[in-house]
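Residue strings, one per chain:
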There are 2 protein chains.
Amino acid sequence: MTEGTAVQTPAPAAPRGRRGRRTVDVPDLVGRARDGDARAVARLISLVEDASPALREVAAALAPHTGTAQVLGLTGSPGVGKSTTTTALVRAFRAQGRRVGVLAVDPSSPFSGGALLGDRVRMQDHAGDSGVYIRSMASRGHLGGLAWATPQALRVLDAAGCDVVLVETVGVGQSELEIASLADTTLVLMAPGMGDGIQAAKAGILEVADLFVVNKADRDGAQQTVRDLRYMQSLGGRFDEPGHWRPPIVKTVAAREKDNGIDEVLEKIEAHREWLESSGEGHRRRTERAAREIEAIAVATLRERLGDVHGSAALSTLAEKVVAGETDPFSAADELVGQL
Amino acid sequence: MTEGTAVQTPAPAAPRGRRGRRTVDVPDLVGRARDGDARAVARLISLVEDASPALREVAAALAPHTGTAQVLGLTGSPGVGKSTTTTALVRAFRAQGRRVGVLAVDPSSPFSGGALLGDRVRMQDHAGDSGVYIRSMASRGHLGGLAWATPQALRVLDAAGCDVVLVETVGVGQSELEIASLADTTLVLMAPGMGDGIQAAKAGILEVADLFVVNKADRDGAQQTVRDLRYMQSLGGRFDEPGHWRPPIVKTVAAREKDNGIDEVLEKIEAHREWLESSGEGHRRRTERAAREIEAIAVATLRERLGDVHGSAALSTLAEKVVAGETDPFSAADELVGQL
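Residues numbered from 1 in each chain as written. Chains lettered and ligands numbered in written order. Predicted model: local features only at pLDDT ≥ 70, side-chain atom pairs only at ≥ 80, totals over all residues. Heavy atoms only, no water.

1. Things to note about the overall build of chain A
And then number 1: Scanning chain A from terminus to terminus reveals 14 helices and nine strands.
And then number 2: Summarising the internal contacts of chain A: among those between residues at least 6 apart in sequence, 76% fall at separations of at least 24.
And then number 3: Counting every atom, chain A has about 14800 Å² of accessible surface; 50% of that belongs to carbon and sulfur. (Helix = DSSP H or I, 4+ residues; strand = E, 2+ residues; numbered from the N terminus. Contact = heavy atoms within 4.5 Å. Areas by Shrake-Rupley, 256 points an atom, 1.4 Å probe, with all protein chains shown as cover.)

2. Some points on helix α4 (residues 55-62) of chain A
For an α-helix the count is 3.6 residues per turn, leaving residues at separations of three or four pointing the same way.
And then number 1: Within α4(A), burial applies to Leu55(A), Val58(A), Ala59(A) and Leu62(A). Taken around the axis of α4(A), the buried residues stretch over an arc of 100°, which confines them to a single face. (Buried < 20%, exposed > 50% of the residue type's maximum accessible area, 1.4 Å probe, protein only. Arc of directions from axis to C-beta.)

3. Looking at the pairing of strand β1 (residues 70-76) of chain A
Residues and elements named next belong to chain A.
And then number 1: Summarising burial for β1: seven of the seven residues are buried, a large majority.
And then number 2: Burial of the side chains of β1 extends over both faces: Gln70, Leu72, Leu74 and Gly76 are buried on one face and Val71, Gly73 and Thr75 on the other.
And then number 3: In this sheet, strand β4 (residues 164-170) lies alongside β1 in parallel orientation, the contact comprising seven bridges. In the sheet register, Thr75 faces β4, and the bridge partner there is Thr169.
And then number 4: With four bridges connecting them, β1 and strand β5 (residues 185-190) associate as parallel partners. (Pairing = 2+ DSSP bridges.)

4. A few points about the relation of the copies chain B and chain A
And then number 1: Between chain B and chain A, the superposition needs a rotation of 180° and an axial shift of 0.0 Å, giving an RMSD of 0.1 Å. Put plainly, the chains are arranged around a two-fold axis.
And then number 2: A share of 100% of interface residues in chain B that are also interface residues in chain A marks the association as one of identical surfaces. (Least-squares fit on C-alpha atoms with pLDDT ≥ 70 in both.)

5. Observations regarding the interface of chain B and chain A
Accessible area lost during the coming together of the parts is what is often quoted as the interface size.
And then number 1: Between chain B and chain A, the contact holds 50 residues from the first and 52 residues from the second.
And then number 2: Between chain B and chain A, roughly 4600 Å² of surface is buried when both sides are summed, and carbon and sulfur atoms account for 72% of that area.
And then number 3: Taken together, the links from chain B to chain A amount to two salt bridges.
And then number 4: Our count for the chain B to chain A interface comes out at four residue pairs in polar contact (both at pLDDT 80 or more).
And then number 5: Elements with a contribution of two residues or more to the side of chain B that touches chain A: α4 (55-62), α7 (143-159), α9 (196-203), α13 (281-323) and α14 (329-338) of chain B.
And then number 6: Broken down by class, the residue content of the side of chain B that touches chain A amounts to 30 nonpolar, nine polar and 11 charged. (Buried area = accessible area lost by both parts, 1.4 Å probe. Salt bridge = Lys/Arg side-chain N within 4 Å of Asp/Glu carboxyl O. Polar contact = N/O pair within 3.5 Å; in protein donor to acceptor, adjacent residues only side chain to side chain. Nonpolar A, V, L, I, M, F, W, Y, C, P; charged D, E, K, R; others polar.)

6. Considerations on the packing of helix α2 (residues 26-34) of chain B against helix α3 (residues 38-49) of chain B
All names here are of chain B.
And then number 1: Two elements in contact, α2 and α3, have axes separated by 8 Å at closest approach and are oriented at 130°. In terms of orientation, α2 lies oblique with respect to α3. With respect to the hand of their crossing, α2 and α3 are arranged in left-handed fashion. Two secondary-structure elements touch here, α2 through Leu29, Val30, Arg32 and Ala33 and α3 through Ala40, Val41, Arg43, Leu44 and Leu47.
And then number 2: Broken down by class, the residue content of the contact of α2 with α3 amounts to seven nonpolar, no polar and two charged. (Axes fitted to C-alpha atoms, helices over the stretch in contact; angles between N-to-C directions. Parallel < 35°, antiparallel > 145°, perpendicular 65-115°, else oblique. Left-handed = near helix turned anticlockwise from the far one by under 90°.)

7. What about the pattern of salt bridges?
And then number 1: Considering all chains together, one arrives at 26 salt bridges over all chains under this definition.
And then number 2: The partner of Arg56(A) in a salt bridge is Asp334(B), with the nearest N and O atoms 2.4 Å apart. On the criterion of chain membership, the pair formed by Arg56(A) in helix α4 and Asp334(B) in helix α14 is interchain, its members lying in two chains.
And then number 3: Classification of Arg56(A) as partly exposed rests on a relative accessible area of 36%.
And then number 4: Between Arg286(B) and Asp184(B) there is a salt bridge; the shortest N-O distance is 2.6 Å. Taken together, the residues span a long stretch of sequence, with Arg286(B) in helix α13 and Asp184(B) in the loop between α8 (174-180) and β5 (185-190) at a distance of 102 residues.
And then number 5: Judged by its relative accessible area of 21%, Arg286(B) falls in the partly exposed class.

8. As for unusual backbone geometry
And then number 1: Unlike most non-glycine residues, Lys216(A) shows phi in positive territory, near 55°.
And then number 2: For Lys216(A), the position within the fold is in the loop between β6 (211-214) and α11 (222-235).

9. Some thoughts on the nonpolar core
For soluble globular proteins, the rule of thumb is that nonpolar side chains tend to be buried together.
And then number 1: Membership of the largest hydrophobic core comes to 104 residues, with the highest contact counts inside it found for Leu44(A), Ile294(A), Leu44(B) and Ile294(B).
And then number 2: Setting aside residues up to four positions removed in sequence, Leu44(B) forms contacts with Leu29(B), Val30(B), Ala33(B), Val58(B), Leu62(B) and Val156(B). (Core = buried A, V, L, I, M, F, W, Y, C linked by side-chain atoms within 4.5 Å.)

10. Structural notes on the packing of aromatic side chains
Residues and elements named next belong to chain A.
And then number 1: Counting across every chain of the model gives two aromatic pairs over all chains.
And then number 2: The interplanar angle of 35° and the centroid separation of 5.8 Å between the aromatic rings of Trp245 and Trp275 together place this pair among those described as tilted. Here the residue Trp245 occupies a position in the loop between α11 and β7 (249-251), and Trp275 occupies one in helix α12 (residues 262-279), the gap between them amounting to 30 residues. Each of the two residues, Trp245 as well as Trp275, counts as buried. (Phe/Tyr/Trp six-rings, centres within 6.5 Å; stacked < 30°, edge-to-face > 60°.)

11. A word on the side chain of Lys82(A)
Residues and elements named next belong to chain A.
And then number 1: Looking at where Lys82 falls in the secondary structure, it is placed in helix α5 (residues 82-95).
And then number 2: Although buried, Lys82 forms no salt bridge, and the nearest oppositely charged side chain, Glu168, lies 5.7 Å from it.
And then number 3: Of note is the side chain of Lys82, whose polar atom sits 2.9 Å from the backbone oxygen of Gly76. (Lys, Arg positive; Asp, Glu negative; His and termini not counted.)

12. Some details on the confidence of the model for chain A
All names here are of chain A.
And then number 1: On average, chain A scores 78 in pLDDT, and the residues at 70 or more come to 73%.
And then number 2: Averaged pLDDT values for the elements of chain A fall to 42 in helix α1 (residues 16-19) and rise to 96 in α12.
And then number 3: Confidence drops under pLDDT 50 across residues 1-21; counting only partners more than four residues distant or on other chains, this segment forms 43 contacts.
And then number 4: Every residue in residues 109-121 is under pLDDT 50, and counting partners more than four places away or in other chains gives 12 contacts. (pLDDT = per-residue confidence, 0-100.)

13. What about the pairing of β5(B)?
Residue and element names in this part refer to chain B.
And then number 1: Buried residues dominate β5, accounting for six of its six residues.
And then number 2: Burial along β5 is two-sided: Thr185, Leu187 and Leu189 and Thr186, Val188 and Met190, pointing in opposite directions, are all buried.
And then number 3: Relative to strand β6 (residues 211-214), β5 runs parallel, the two sharing four bridges. Residue Met190 lies in a different strand from β6, and its bridge partner there is Val214.

14. Things to note about the environment of Gly97(B)
And then number 1: Looking at the secondary structure, you find Gly97(B) in the loop between α5 (82-95) and β2 (100-106).
And then number 2: Note: C-alpha distance between Gly97(B) and Asp163(B) (66 residues apart in sequence) is 9.5 Å.

Structure representation (structure tokens):
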């Protein structure tokens, strides 16, 4: 299963790029990343994650090399077996000789501890395999940070030559769904008896799933979970229209030693990839995602300019007026924007 | 407990303001709302919620009348008894002769069904009381909508003369916490045996709570929940610094017929209100909130302009280039912003 050297991409101890003017040789870094140098990949991800001064140069240098990775999203409630399934998928892709990147996103944890622990567990399975890059992305204070950093980290892994990138998130909220929607193919994991059916309907997970995986299928209630999903699918009749993709439901038992059903998951992923290509939906999705990414960056830039032009003092003055009832927030915002 | 006429503020069947040019007599509407006309309040909330053309006029007309309501945030996981506690608090405030507004925010539900059902249940308790306004705010497609609409609805209730406004949210994610942070005083509800302690630490609820309410305190494990909270508080030593507010922990049994502990909750809310005033923290919070509101509106305005100037065609073209690897998202965003 393994070959080569250890390739855990460690998070840096401190975001150096933000503070100092440490020179970065970006073309050299990108070149080494493309040659499979795990340290170079780690450094590039840190640069984009920390919005370092070199961010734009990095983005420009990566651009010509992006667009080849197959991006898989993997989401599900805590306890459904995301890590085990990720490990099983990585094992299967490696057996096919494909290079794999994993971005493990945990927006629910403001502490990096959980993410780091997760890394250590995973490391044991893929230690010594130079064809696997694993990176944990813990929340840096607010979700906006992750929503920003994850697509950029994805670009790094794509440009570094990963054939497949797995983006693993805890599927509990809207922002997590947004991150999952970076993927070409989104896998939603469930487990029997967790009330996931209702949760799924609530969180809009039915909308984002391209493939349902009912994991722990050796447990009681697995068949019921499958039936619940089928029933919910039957309510959204559009899946039966010609040309539409009807998300298949696969039962798995992902475990350290034996994986049941993972082969079928791979088959369905491949079928979905073919559908994405033949239907044009793949290109549509990638363009839509790029548009949203551009828009988010543009808005962030404008937000920054608002701060630059006025400083917090001007905003404070306007806020005081609003609190005093002398003006309303919309007029205050107009005043702020008007001076841009 | 009740007096006067029924005052449920119904959501409109369709957001008329968005479509037509139906004339709105804003000063008249604001005048009637201030006289306690529930229909006028409902109409104003709809106007701000739907971002109708009259939104800015409404905001300007409301401004001079805002700033008097005491805003209470109430958050907690599903099942801890938020609705019952809200009802008990409303009952207690009404007994003091105070006018009460309730905004029930459920961002987790993309369907309005749940919110409407919640209204019906609550209606039975406060039917016929003209001193209580209840409004359910269900998600309109995305969380940004609620984060936008809730502060505006709050302004309407404030201007309409509510002495207290309760903002009730499901405390599961970052955006819900943001909504809770609209409040002067935020109550975090817990219940024994729900693993809320760990959840609280994860979701940053310890940071936003001004008062912990351990509800269902007649159940096993209530004392353990209190101990867990005390322990977590002890880890964040800053609460013990002089001048700091150490969030008290109150045990309650909120029920339809008898409320145990609600009086103590009211006392602690009052103590917190006094601390907010004496420490200057109250003014600081309101100013900070106004600043964030102004900034959010300014950014939304700029985002709209991006769309106006370029149309989706320009963005699509740039997105296509990014997908093809001809440019990167940052350069594309610069191009978009540069033409503003």
